[in-house]
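# Breakdown of the fold
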Amino acid sequence: MDVSATLWVLTIVGLAALIAVDFFIGRKPHDVSIKEAGIWTVVWIVLAALFGFGLLLFAGGQPAGEFFAGFITEKSLSVDNLFVFVLIMAKFAVPSQYQQRVLLIGVLIALVLRAIFIAAGAAILASFSWVFYLFGAFLIWTAWKLIQEARADEQDEDWEENKLLKAAERRFGVADRYHGTKLWIQENGKRVMTPMLVVMLAIGTTDVLFALDSIPAIFGLTQDPYIVFTANAFALMGLRQLYFLIGGLLRKLVHLSYGLSIILGFIGVKLVLHALHESGVHVPEISIPVSLGVICGVLVITTITSLRASKKQAAAEAAQGKSGDAPKDTIDV
């Protein structure tokens, strides 16, 4: 897809305007209600759908299909990010009224870092087609790792700061408490960071780790940097509202890791087939409609089986709790 510099500028300006509106509406610290989160989640999904239909109208079915496949993939992978965001919020004891501000700035940092990753990835793929083999192998390995972790039922109950964040804290110092939405304060004559800035940096820089699998995954669906960037932007900008909307539902998605591993493995195979095709080997390539169908089907099945498994587990725990109650006569004795 041939994208002019003007279209790039208009797209970035449009996204910046949407982000500014989102920031202006939520500029006052407050507890985000389920209703507010639900409305904004729908708004960002509708905006993404409108953008995709715009591509369909002006660029054709191929770019539109690639965008929707990329958006759904990035959205599903970003849900996994929310588990870590919950741990970060708990570790830094972020007051509930400030969490929406933390997530907004943190996601903006993540978007800028991902844009750099996307530009670098596009440049590398344009120069070295064999990198598709590396991306494909990495995604297949990541898929296997997710399955192993899911089978082992490994749940990280703590989150460790990365080295970059620790270095920033040592260099500038951190205040001992929150000071509203301020990012810097004067303390004993020295300018220090507030916990608000630290947690924003934590959200943004931690997302880089997730980008290591999500960026290769979307490049497996499309090699168009414009579609890769816009799909990531719409997926990330709706992540803040999704955090408040399904925060309590996250632990019920017990099969999410299996679903994500299937999607990553599928895209990894698609990348390897594409690399073989580029090398002159006559192998079938997986089309975008097939990719879109597999991704959507896996997510639907994973959600249904997760909710059923959670319901059965809750019923079993309730039954065990009732059977564990001792009769009153026994207690008296």
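### Thoughts on the environment of T11
With respect to the helices and strands, T11 occurs in helix α1 (residues 5-25). Residue T11 is classed as buried on the basis of its relative accessible area of 11%. With 219 residues separating them along the chain, T11 and T230 place their C-alpha atoms 8.3 Å apart. Setting aside residues no more than four positions away along its own chain, T11 makes contact with Y226 and T230. A polar side-chain atom of T11 sits 2.6 Å from a polar atom in the side chain of Y226.

### Remarks on the side chain of N232
Within the fold, N232 resides in helix α8 (residues 225-237). Exposure remark for N232: the relative accessible area of 1% places this residue in the buried category. Those residues within four positions of N232 in sequence are excluded, and the remaining contacts are E74, R114, I118, I215 and I218.

### Brief notes about the packing of helix α2 (residues 34-58) against α8
It is the contact of α2 with α8, at a shortest axis distance of 9 Å, that shows an interaxial angle of 165°. With respect to their mutual orientation, α2 and α8 come out roughly antiparallel. Considering the relative orientation of α2 and α8, their crossing is left-handed. Taking contact as the criterion, the partners of W44, L47, A48, F51 and L55 in α2 are, on α8, Y226, T230, F234 and M237. Taken together, the residues of the contact of α2 with α8 sort by class into 8 nonpolar, 1 polar and no charged.

### Digging into the packing of aromatic side chains
Applying the stated criterion to the full structure yields 11 aromatic pairs. Between F51 and Y226, the ring centres sit 6.1 Å apart and the planes meet at 40°, which makes this aromatic pair tilted. In this pair, F51 is assigned in helix α2 and Y226 in helix α8, connecting sequence segments 175 residues apart. With respect to burial, F51 and Y226 carry one shared label: buried. Here F53 and F68 contribute two aromatic rings whose centre-to-centre distance is 5.7 Å and whose plane-to-plane angle is 65°, an arrangement assigned as edge-to-face. Within this pair, whereas F53 is found in helix α2, its partner F68 is found in helix α3 (residues 61-91), the two being separated by 15 residues in sequence. In this structure an aromatic cluster arises from ring pairing among W8, W44, F51, F53, F67, F68, F71, Y226, F229 and F234.

Cut-offs used in this document
Residues numbered from 1 in each chain as written. Predicted model: local features only at pLDDT ≥ 70, side-chain atom pairs only at ≥ 80, totals over all residues. Heavy atoms only, no water. Helix = DSSP H or I, 4+ residues; strand = E, 2+ residues; numbered from the N terminus. Buried < 20%, exposed > 50% of the residue type's maximum accessible area, 1.4 Å probe, protein only. Contact = heavy atoms within 4.5 Å. Polar contact = N/O pair within 3.5 Å; in protein donor to acceptor, adjacent residues only side chain to side chain. Axes fitted to C-alpha atoms, helices over the stretch in contact; angles between N-to-C directions. Parallel < 35°, antiparallel > 145°, perpendicular 65-115°, else oblique. Left-handed = near helix turned anticlockwise from the far one by under 90°. Nonpolar A, V, L, I, M, F, W, Y, C, P; charged D, E, K, R; others polar. Phe/Tyr/Trp six-rings, centres within 6.5 Å; stacked < 30°, edge-to-face > 60°.

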